[in-house]
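What follows is the residue order along each chain.
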Amino acid sequence: MRNSVTLRFLKTPARIIRQGLLILLLLFNGVSHARTAFAQNVLDKEVTITCPAQRLDQVLAQLETATGATFVFSPKLVGADRMVSVSARQEKLAAVLNTLLNPLRINYELVGNQIILKNRKAADISTPANTVTESPITGTVKSKSGEILAGVNILVKGTQRGAVTNAEGVFTINANVGDVLVVSFVGFTPLTVRVADTSPLAIALVENADMLAEVAVVGSRAGTARTDVDRPVPVDILSAKELQSTGQTEVGQQVQFTSPSFNSTKNGINGIANYADPASLKGLSPDQMLVLIDGKRRHQFAAVQNNVTVGKGTVVTDLNTIPALALERVEILRDGAAAQYGSDAIAGIVNLALKKTIGKGSASIQYGGTSKGDGQGYTAGLNYGFGLGKKGGYLNLTGSYQDVKGTDRSDPYNPQPVAGGTYTGIYTNVAATDQALLKSRGYWGDGTYGSFSPTKYGSNAMKSGQIFYNLGVPLGGGWSLYSFGGYSSKKVFAQAFIRTALATGATSNPDLYPDGYVPQLPGTSVDYSTLVGVKRALPGGWSLDFSTGYGKNYLDQYAKNSSNASMGADSPKDFYAGRIGFGQSLTEANIAKSFPKFARTQSFNFAFGGQYRVDNFQLSAGDPAAYFTGPLSATKNKTPGSQGRVGIDAADVTNKSRSNLGLYVDVESDLTSRLLLAAAVRYENYSDFGSNVSGKLASRLKLSDNFSLRGSVNKGFRAPLLQQIANAATTSTVQSGVITSTKQLPSDDPRLAKVGIEAPKPETSWNYNLGVTAQAGRNFLFTLDAYQIDITDRIIITENLAVANVAALKPLFTGFREITFFTNQINTRTKGVDLVVSYRNQFNSRNRLNASLALTVNETKITNAKGAPSALQQDTKTAVILIDTISRGLIETSQPHTKILGSVAYQLGKLNVTLRGTYFGEVTAWEKLSKPNPGTSNLHQSQTFSGKTVFDLSVGYTFSKLLTLTVGGNNITNVYPDRVYSNYASYTNGQVPYTRNANQFGFNGSYYYSTLQVNFNHKIERR
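For this particular structure, what's the right way to read the sheet that holds strand E8 (residues 153-156)?
Either a parallel or an antiparallel arrangement is found when strands of a sheet pair, and the pairing is made through backbone hydrogen bonds. The four strands are arranged E9-E8-E11-E12 in an open sheet whose pairing can be described as antiparallel. In this open sheet, the two edge strands, each paired with only one partner strand, are strand E9 (162-164) and strand E12 (191-194). Strand after strand, the sheet turns through a mean of 20 degrees between neighbouring axes, direction not considered. Sheet analysis places E8 next to strand E11 (residues 180-184), joined by four bridges and oriented antiparallel. Bridge pairing in E11 links Asn153 to Ser184.

Listed below in structure tokens is the structure:
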């Protein structure tokens, strides 16, 4: 029937669902402050909607979801596949329809609860009798930065005449000279433009940061943008302005002071943590958090952190390789997402969104230092976006350089009594004799205990440079090319603890250092990456995205002013300890489609794709003397290898790779006007240990327009990292004041199987989340989420097993003092609650208030720990324990269980003032007893460090659009953590007054800074 008209009905929910929702709505009406849900006139219903560049029928479906109305129309006659944009906050449906439909020349008529749409006839448009004849007015709409905007609504004020920009940002509208055009687009401040003549108009819209901060795509592989109250999972969105207001210069520290569930603290004298800060979500391990850049997986750091600190045995993703000025915002998905994004996303996701602006940029320089007079340094950065071609291409470049001095918070060296009542002196363990030698030699000042500090315990001195780019170019035919990547080089000047001049000391070398020595441990971390992709949005609703990329990190380690004690006088003093490298190639395809009104649903979004990843881990040998076992090892029990950082042995040189194939399907649907359901399943196959399947189910139930319940269930997994299972390097660690060299065994070492040790397998998890979201008016937002994460077969590194004490190990590992390896040893359960409350109000163009309160409370417990294999338990001098009390504490008590962030930012004209308070809850650190109590099995002692609050204050003044000066202070009340008890071994005779075995908020005290920022804009003209 060629001439027939097919009507499309967007149906209302079934009666039983409607009745149920009505009951729930009445129950929660007082909480949500919502309007009456079923007003007699549907056009009077208030609507909050954000739809950037979507098909008309998809937008109508969302309006149905919000109002319960039914739209009746002919898709062909009204052009239902046209791309439109609309944004409204608590506006009546009638006003929203006028804004949406008038530019499209569509009339509507209300019949009962049905809204009938029909194409407007020329006769329906009336022209005032006393106006001149309208002329076609053309124009182009771009962002203030020069980016072409498609789908912008243009309306002649006071009329029904309107238009929408096309893919090139161009529009044509009939208007008179003197008419006022109202221009509106999601994420931008509406603009009015008066028509002066018939010349083409060039319109630039200004981004509205407040609006942008409420919409996120992360968590939906279909690319559906949703606001806070509409999302089925919790997402924190931190704008670049919020991050920079912290006064911190590195991304990890910026996020630390803007997100309560995120933890990252600077370390001092702490192995690999010197070179890459451990960062974690929800109190879990650093490698249980997945990091993305613009939705693409970021490669991890090369080396494993094996010191006794937070994240022991894990691999971090170094956020500080990305210059902070390159970021538009940071999105934190606080929910398991392994089924959507792959292994490692157990605790959640941190997505770094890059700037795409063109025609504007900023340059900044910050200088600061601590109130103690150390830690001085500067950070300089530059960001600018260039336009490419005529159709909206961009190249956004960022460069930064940082040079900061180290800090020192050590106490004066003061030997303390240890087992047997002796002292650990510099030259001898007899206190009086040692004191006399100190004075006579004069190397350590006046030679009085408590007057000198051989070791500097504090933040490391560092020099780093970074450059990053983000590129996008339209290719024609609907295709566009994108690429991003960068290069980072970071030189860290770390150091170790003092090696004394004791003749009997295992680490001393009196032949070279008759007064003892402090090894210096510089390291250079180099990071580079690039990713290239193409994408296309098709008229039928399909979107395609294909990309490939490669990223690598390597760490070159050195030991200066050091010694191989086993070589005596023949030892060098400076060593190259070797290189640890990790590279990752990534190729993926993502395809998505939106199906409006699919199978009687309000909307249906479908996405699927695949990812192929290849990981490569490398160990390159250091200088031979850095790992050589000299003759004094056997005759005088001297420790072999370079002190502070043992070199990588030539026998341990490694170059191992593995591949991973992942396939996923992700669906999301508004089943009814109130109920959203999302589901995902992912299959992954690793070349070295096989396959795994993860899944996710999430839902959101709107009890009113402004109040929702949400929840999710995730089955996830984390594969053992190649850096963990392939590492074969020897590490030098300090455990309760004792310096020990330990050999980590790769998981494929055949000797492990002989003593009953199985190769690590993936850890699996179940993640449950239940939350509520509420929005009162345009200014107030409230979210509360409770979660539980159960992890089975959690991957850990074992304790250091003394070979001489275990009969089964002695014949297999001759030449090793201690060994360690990775295994699936424990199960854990994490429970927590996250609360976020925010208030925003722009009183006028000169006055704005932003206030927020965020809280996280969580706790991780080990629910089960496996015993050591029976082969290790036979004929041992001491019981073999694969995870001891100290390592348990690192998992359960070393990170704050409570963190509260409160901030108030007020703008008064050109003056900006920000006050932030952060409470870090108490932490507990464990260590071995110097002398266990006779007849007891208690081998450890603990210390609890109380919770503390730090306050940050910054004041900025904008002299002009070009120049802004900010002065501020972090931790302005000069708060320090509790000190380590001086009679504890971990105090290390004054070298460590603040614990290394827990992560709270650092130990540098107050830091004051000033920042000068220059903003510049350049008008972009495309010919």
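Is there a simple way to think about empty space enclosed by the protein in this case?
If a probe the size of a water molecule is rolled over the atoms, the empty space left behind becomes visible. For the structure shown, the criterion picks out 18 cavities of 30 Å³ or more. What lines the largest cavity is a set of 44 residues, among which Gln248, Gln253, Lys266, Ser459 and Asn1004 lie closest to the centre. Listing elements by their share of the lining of the largest cavity, those giving two or more residues are helix H7 (251-256), strand E21 (360-370), strand E22 (377-388), strand E23 (393-404), strand E25 (479-495) and strand E46 (948-958). In terms of residue count, E21 provides more of the lining of the largest cavity than any other element does, four residues in total. Grouping the constituent residues of the lining of the largest cavity by class yields 13 nonpolar, 25 polar and six charged.

It is not clear to me how the confidence of the model for the protein chain should be interpreted in this structure. Could you clarify?
Any segment with low pLDDT has predicted coordinates that should not be analysed in fine detail. Per-residue pLDDT for the protein chain averages 84, and the proportion of residues at 70 or more is 87%. Within the model, pLDDT remains below 50 along residues 1-40, and this stretch shows 64 contacts once partners closer than five positions in the same chain are excluded. A low-confidence stretch, residues 122-133 (pLDDT under 50), is modelled with seven contacts involving residues beyond four sequence positions or located in other chains.

Hey, could you run me through the side chain of Lys696 in this one?
Looking at the element boundaries, Lys696 is found in strand E32 (residues 690-704). The class of Lys696 is buried, set by a relative accessible area of 9%. Reaching out from Lys696, the side chain makes a polar contact with the side chain of Asp335 at a distance of 3.0 Å. Among the polar contacts made by the side chain of Lys696, one reaches the main-chain carbonyl oxygen of Gly336 at a distance of 3.1 Å. The residues touching Lys696, leaving out its near neighbours within four places in the chain, are Val233, Asp335, Gly336, Ala339, Gln340, Ala678, Ala679, Ala680, Val713 and Asn714.

Help me understand the pairing of strand E29 (residues 603-620) in this model?
Look at any regular strand and the pattern is simple: side chains alternate between the two faces of the sheet. One ladder, built from 16 bridges, connects strand E28 (residues 575-594) with E29; its direction is antiparallel. From the neighbouring strand, Leu586 faces E29, where its bridge partner is Arg613. Of the pairings in the sheet, the one linking E29 to strand E30 (residues 654-670) comprises 17 bridges and is antiparallel in character. Paired with Gln611 across the two strands is Gly662, which belongs to E30.

Help me understand the pairing of strand E27 (residues 542-559), please; the structure alone is not making it clear to me.
For strand E26 (residues 520-537) and E27, the ladder comprises 15 bridges, and the chain directions are antiparallel. Residue pairing for E27: Ser525 is matched across the bridge by Leu555. Bridge count between E27 and E28: 18 bridges; the pairing is antiparallel. When the sheet's bridge partners are listed, Leu555 is paired in E28 with Ile580.

What should I look at first to understand helix H2 (residues 56-67) in this one?
Residues spaced three or four apart along an α-helix face the same direction, because each turn holds 3.6 residues. The end-to-end C-alpha distance of H2, which contains 12 residues, comes to 16 Å, matching closely the 16 Å that a straight helix rising 1.5 Å per residue would cover. Most of H2 sits inside the fold, with 11 of its 12 residues counted as buried. Buried within H2 are the following residues: Leu56, Asp57, Gln58, Val59, Leu60, Ala61, Leu63, Glu64, Thr65, Ala66 and Thr67. At the exit of H2 stands Gly68, carrying a positive phi of roughly 80 degrees.

Quick question: what am I supposed to make of the environment of Lys45 here?
If you trace the backbone, Lys45 turns up in the loop between helix H1 (15-32) and strand E2 (46-55). Since its relative accessible area comes to 9%, Lys45 is described here as buried. Considered as a pair, Lys45 and Thr67 are 22 residues apart in the sequence and their alpha carbons are 6.7 Å apart.

Parameters and conventions
Residues numbered from 1 in each chain as written. Predicted model: local features only at pLDDT ≥ 70, side-chain atom pairs only at ≥ 80, totals over all residues. Heavy atoms only, no water. Pairing = 2+ DSSP bridges. Helix = DSSP H or I, 4+ residues; strand = E, 2+ residues; numbered from the N terminus. Axes fitted to C-alpha atoms, helices over the stretch in contact; angles between N-to-C directions. 1 Å grid on protein atoms, 1.4 Å probe; cavity = no way out; pocket = protein on both sides within 12 Å on 5 of 7 lines; lining within 4 Å. Points joined across faces, edges and corners; volume = space filled by probe spheres on them. Nonpolar A, V, L, I, M, F, W, Y, C, P; charged D, E, K, R; others polar. pLDDT = per-residue confidence, 0-100. Contact = heavy atoms within 4.5 Å. Buried < 20%, exposed > 50% of the residue type's maximum accessible area, 1.4 Å probe, protein only. Polar contact = N/O pair within 3.5 Å; in protein donor to acceptor, adjacent residues only side chain to side chain. Expected span 1.5 Å × (residues − 1).

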